[in-house]
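So you can see what is in the structure, the chains are spelled out below.
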Amino acid sequence: MKIHQEAIDAIENFSMPDNVGFGKVMLPIMAQATYKDGQWSQVEVIPYQKLELDPTCKVLHYGQEIFEGMKAYNFKGNGPNLFRPEENLKRFNKSAVRMAMPEISEELFMGAVEEVTWLGRNFVPKRSGESLYLRPFMIASECNLGIKPSEEFIFLVLASPVGSYFSGASIKVLIERDMIRASSGGMGAAKTGGNYAGSLLAAIETKKLGFDQTLWLSAEDKESIEEMSGMNFFSVINGELHTPAISDTILDGITRRSLIDLAKSEGIKVSEYKLGITELLEKIKSGECSECFACGTAAILTPIASLHDKSGESYPLKQEHGPVAKMLRDNLLGIQELSIEDKFSWTKLLKK
Ligand code: COI
């Protein structure tokens, strides 16, 4: 690892605005490593800067790219600590395999993430719900227009002090019944830019109709609920927690898995199965489904106020801020912010 003096100077001269939003303020440093001739270089921490890419480099044409989203916390100065970073590494490497990219060692990934977090430790916001959002990503940097896997790559880690992802306390969700996000055998489970690019046209319509997120259904039956564009989906039906089972069309969310473990530890029954949208909407109408919520690294746990169809039908939830969502959010954030006991050993406190 090489830490350039210019990066240390840049962070020393940085000042952070009070209201950071999401992904708008970037720390003035980044970590970078390059892959060539079958080998990764050492990680270098350098000042945040523009990338110089040849216009033929493969990521620009064929989208060979993967990323992760992870957070460091420093609530009331208790940190800096990361939340289950080894799970992000595992998922990054799974995405790499699916996108024909080289896997990355624990030493390189964690070294880069931890060093950027450590150097930026004074800029991890300290209020509850705020954090330092870390964005490790890898791009195909070989230059030529042949459709072949790249043999050269760049790995980078960026950091952004963030507040809430959504401006409101709950969201309105539009059911997408025409377009699909992923199909079996595709790349829906990989955290790759194409999955997010493919959701944007639906996001425009969702927004135009006055809603916040798109709910995607299965390509197979246009009925089973899958996920939202950047987060997983949960519902509470007769006091039990339901979420679509993970498949190769759904991103295996680390927040999703953590909420399942937390719910089970609180004695709540969790079902991971194929839930049809027709059944869910009936259960919302009858009141059997009392709460729905979205979860993800960026979204944390965000309650859903209502589901909507393009035909104009609305399905408001009985409880916009229900007790299950509240309990799970409080427990998750409490562990992440080191304000309640972490009996799962999910948090990693950074020290030097
Ligand atoms: C994350 O939660 O980290 C994501 O990658 C999703 C995106 C909406 C920011």
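Residues numbered from 1 in each chain as written. Predicted model: local features only at pLDDT ≥ 70, side-chain atom pairs only at ≥ 80, totals over all residues. Heavy atoms only, no water.

> Explain a nonpolar patch on the surface here, please?
A contiguous nonpolar patch, built from Tyr62, Leu145 and Ile147 and spanning about 330 Å² of accessible area, is present on the exposed surface. Summarising the element assignment, Tyr62 is placed in helix 2 (residues 58–62). (Patch = residues over 30% accessible without salt bridge, like charges linked within 9 Å, V, L, I, M, F, W, Y side chains within 5 Å. Areas by Shrake-Rupley, 256 points an atom, 1.4 Å probe, with all protein chains shown as cover. Salt bridge = Lys/Arg side-chain N within 4 Å of Asp/Glu carboxyl O. Helix = DSSP H or I, 4+ residues; strand = E, 2+ residues; numbered from the N terminus.)

> Even after reading the chapter, I still don't get the nonpolar core, so can you show me in this structure?
Nonpolar side chains tend to gather and get buried jointly when the protein is soluble and globular. Judged by nonpolar contacts, the single largest core of 54 residues is most densely connected at Trp40, Phe109, Leu134 and Phe155. It is helix 4 (residues 106–119) that provides the largest number of residues to this core, a total of 8 residues. Not counting residues within four places of it along the chain, the set of residues in contact with Phe109 comprises Met70, Pro85, Asn88, Leu89, Phe92, Ile104, Pro136 and Phe155. Counting residues in hydrophobic clusters, the runner-up holds 24 residues, among them Leu217, Ile225, Ile277 and Leu281. (Core = buried A, V, L, I, M, F, W, Y, C linked by side-chain atoms within 4.5 Å. Buried < 20%, exposed > 50% of the residue type's maximum accessible area, 1.4 Å probe, protein only. Contact = heavy atoms within 4.5 Å.)

> For this particular structure, what's the right way to read the site of the ligand?
In the vicinity of the ligand, the contacting residues are Phe67, Gly69, Tyr133, Arg135, Tyr165, Lys191, Gly230, Thr297 and Ala298. One of the side-chain nitrogen or oxygen atoms of Tyr133 is found 2.6 Å away from an oxygen atom of the ligand. In the model, an oxygen atom of the ligand is placed 2.7 Å from a nitrogen or oxygen of the Lys191 side chain. Summarising the interface, the protein chains cover 90% of the accessible area of the ligand, which totals 280 Å² for the free molecule. Here the residues of the shell around the ligand are counted per class, giving 4 nonpolar, 3 polar and 2 charged. For the shell around the ligand, the two domains that each supply at least three residues are domain 1 (2–162) and domain 2 (171–336). (Near = heavy atom within 4 Å. Polar contact = N/O pair within 3.5 Å; in protein donor to acceptor, adjacent residues only side chain to side chain. Nonpolar A, V, L, I, M, F, W, Y, C, P; charged D, E, K, R; others polar. Domains from an automatic or database assignment.)

> Explain the side chain of Ser235 here, please?
Mapped onto the elements, Ser235 comes out in strand 13 (residues 232–237). Residue contacts for Ser235: discarding those within four places in its chain leaves Glu240, Leu241, His242, Leu275, Leu280, Cys289, Glu291 and Cys292.

> Whenever I open this one, the environment of Glu223 confuses me. Can you help?
Tracing the sequence through the fold places Glu223 in the loop between strand 11 (213–217) and strand 12 (225–228). Assessed through its relative accessible area of 23%, Glu223 is described here as partly exposed. C-alpha of Glu223 to C-alpha of Leu333: the two residues are 110 residues apart in sequence and 33 Å apart in space. Engagement of the side chain of Glu223 in a polar contact is seen with the side chain of Thr278, the distance being 2.8 Å.

> Looking at this structure, I do not really get the packing of aromatic side chains. What am I missing?
We describe a pair of aromatic rings using the distance from one ring centre to the other and the angle between the two ring planes. Following the criterion strictly, the structure yields 14 aromatic pairs and no others. Where Phe14 meets Phe123, the ring centres are 4.9 Å apart and the plane angle is 80°; that geometry is what we call edge-to-face. One end of the pair, Phe14, is in the loop between helix 1 (5–12) and strand 2 (29–36); the other, Phe123, is in the loop between helix 4 and strand 8 (131–140), and 109 residues separate them in sequence. Accessibility classification places Phe14 together with Phe123 in one group, the buried group. Here the aromatic cluster, defined as three or more aromatic residues joined through ring pairs, consists of Tyr35, Trp40, Phe92, Phe109, Phe153 and Phe155. (Phe/Tyr/Trp six-rings, centres within 6.5 Å; stacked < 30°, edge-to-face > 60°.)

> I would appreciate a short explanation of the domain arrangement of the protein in the present structure.
The figure often quoted for interface size is the accessible area lost as the parts come together. Once the domains are mapped, the protein shows domain 1 (2–162) and domain 2 (171–336). Here the C-alpha centroids of domain 1 and domain 2 sit 27 Å apart. Domain 1 puts 23 residues into the contact, and the matching count from domain 2 is 21 residues. Overall, the association of domain 1 and domain 2 removes approximately 1,800 Å² of surface from exposure, summing both partners, and the carbon and sulfur fraction of that is 56%. Among the residues domain 1 hides against domain 2, the three largest losses belong to Phe67, Phe83 and Arg91. Together they make up 32% of the total. For the pair domain 1 and domain 2, the interface holds 1 salt bridge. In this structure, the salt-bridge partner of Arg257 is Glu87, at a minimum N-O distance of 2.8 Å. The interface formed by domain 1 and domain 2 holds 13 residue pairs in polar contact (both at pLDDT 80 or more) in total. Counting residues per element, the ones that place at least two in the side of domain 1 that touches domain 2 are strand 5 (65–67), strand 6 (70–73), strand 7 (81–83) and helix 3 (85–98). (Buried area = accessible area lost by both parts, 1.4 Å probe.)

> What am I meant to see in the side chain of Ser95 here?
With respect to the helices and strands, Ser95 occurs in helix 3. Ser95 gets classed as buried once you look at its relative accessible area, which sits at 1%. Those residues in contact with Ser95 that sit more than four places away from it in its chain are Ile66, Ala190 and Lys191.

> Which parts of the structure should I look at to understand the packing of helix 7 (residues 254–265) against helix 9 (residues 323–336)?
How two helices pack is summed up by the angle between their axes together with the distance between the axes. Orientation of helix 7 relative to helix 9, taken along the N-to-C sense of each, is 110°, at an axis distance of 10 Å. Judged by the inter-axis angle, helix 7 sits roughly perpendicular to helix 9. With respect to the hand of their crossing, helix 7 and helix 9 are arranged in right-handed fashion. On the side of helix 7, the interface is formed by Thr255, Ser258, Leu259, Leu262 and Ala263, while helix 9 contributes Leu328, Asn331, Leu332 and Ile335. (Axes fitted to C-alpha atoms, helices over the stretch in contact; angles between N-to-C directions. Parallel < 35°, antiparallel > 145°, perpendicular 65-115°, else oblique. Left-handed = near helix turned anticlockwise from the far one by under 90°.)

> I would appreciate a short explanation of the pattern of salt bridges in the present structure.
Where charged atoms from two side chains of opposite charge approach closely, those side chains can pair. Inspection of the entire model under this criterion finds 18 salt bridges. Two residues, Asp18 and Arg127, come together in a salt bridge whose shortest N-O distance is 3.7 Å. Of this pair, Asp18 sits in the loop between helix 1 and strand 2 while Arg127 sits in the loop between helix 4 and strand 8, and the two are 109 residues apart along the sequence. Here Lys90 ties to Glu87 by a salt bridge, and the two come within 3.1 Å at their closest N and O atoms. Of this pair, Lys90 and Glu87 both sit in helix 3, 3 residues apart, which is roughly one turn of that helix. The structure contains a network of salt bridges with shared partners spanning Glu87, Lys90, Asp252 and Arg257.

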